[in-house]
Amino acid sequence: GYFKIGVPLSEGNTKNIAAVVDYSYHKLESFFGLKDYNAHQNSVFANIIFQNELNENHKYSLGLSANMDDINEHLKDYFGGNYYDIYPGRVEKSAGGYGEYTYTQGEKITVVAGMRVDYNNYHGWLPAPRINIKYAFDEKLIFRASGGRGFRSTNVVPDNLGILSTGRRIDIQPGLNIEDAWTYGANITGYFPLGFSDASLSFDYFRPDFHQQVIVEQ
């Protein structure tokens, strides 16, 4: 289910406010030999955003958002002639605010810098900055670079569903931390004619650096 409404606050819609509410339900039932995994998830996301274009070069947006994941999981694991019941589900809530500034100079330069801070009921405060840069040397050669921080709460069993087809016992450690990574990289793309059509050649470099990561040991 999805709901969105936007309200223009100026002529030309250079200033506006919008609200988005999204709901999803997911259900999974599976068995792997003598192992059963059943789960269902209810997720709700709400977002309010205010956007303002000061002039053709400067614009910004501010917003508040909240998210809730209600995950119920039951894993019946069979190992060594015995059954083990594991319930790794959780009710995770987060809420926070964000801001983003965009500077443009025609098709030549674009800089987007943003910052968001969320409070998570399991992991506390989560600050996440990011920046994106685009520079066109000319219309045929364009450079892009980006960097930022991201967080992700893992769903250990569905993220590694194939391991249930093995004969190993599943042991999920309690209180797993959220995954935390910085990702950065750059791209340069050139456009040139090739025969009767246009072609492009790109060089990319991107790298994630994990500060915390959930690893499956087999």
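Note: the structure precedes this text.
Here goes a summary of the coordinates provided. (Residues numbered from 1 in each chain as written. Predicted model: local features only at pLDDT ≥ 70, side-chain atom pairs only at ≥ 80, totals over all residues. Heavy atoms only, no water.)

Phi at Asn 13 is positive, roughly 60°, even though this residue is not glycine. Following the sequence through the fold, Asn 13 ends up in the loop between β1 (2–8) and β2 (15–32). (Helix = DSSP H or I, 4+ residues; strand = E, 2+ residues; numbered from the N terminus.)

Pairing of strand β10 (residues 179–194) with strand β11 (residues 197–212), which is carried by 15 bridges, proceeds in the antiparallel orientation. Paired with Ala 186 across the bridge in β11 is Tyr 205. Remark: 2 residues form the turn of the hairpin made by β10 and β11, two consecutive strands paired antiparallel; Gly 195 in that turn has positive phi of roughly 65°. (Pairing = 2+ DSSP bridges.)

Attention shifts here to a nonpolar patch on the surface. A surface patch of nonpolar side chains, about 970 Å² in accessible area, is lined by Phe 3, Ile 5, Val 7, Leu 9, Ile 17, Val 21, Tyr 23, Tyr 25, Val 44, Ile 48 and Leu 64. Among the secondary structure elements, those contributing two or more residues to the nonpolar patch are β1, β2 and β3 (35–53). Examining the composition of the nonpolar patch, we find that 4 residues originate from one element, β2, more than from any other. Topologically, Ile 48 is positioned in strand β3. Ile 48 sits in the partly exposed class, given a relative accessible area of 46%. (Patch = residues over 30% accessible without salt bridge, like charges linked within 9 Å, V, L, I, M, F, W, Y side chains within 5 Å. Areas by Shrake-Rupley, 256 points an atom, 1.4 Å probe, with all protein chains shown as cover. Salt bridge = Lys/Arg side-chain N within 4 Å of Asp/Glu carboxyl O. Buried < 20%, exposed > 50% of the residue type's maximum accessible area, 1.4 Å probe, protein only.)

This part covers the pairing of β10. Looking at chain direction, strand β9 (residues 141–152) and β10 are connected through 12 bridges and run antiparallel. Its bridge partner lying in β10, Ser 146 is registered against Gly 185.

Further remarks concern the nonpolar core. Of all hydrophobic cores here, the largest spans 8 residues; its members are Tyr 37, Ala 39, Leu 75, Ile 86, Val 157, Ile 163, Leu 164 and Ile 170. Contact partners of Leu 164, with chain neighbours within four places excluded, come to Phe 32, Lys 35, Tyr 37, Leu 75, Val 157 and Ile 170. (Core = buried A, V, L, I, M, F, W, Y, C linked by side-chain atoms within 4.5 Å. Contact = heavy atoms within 4.5 Å.)

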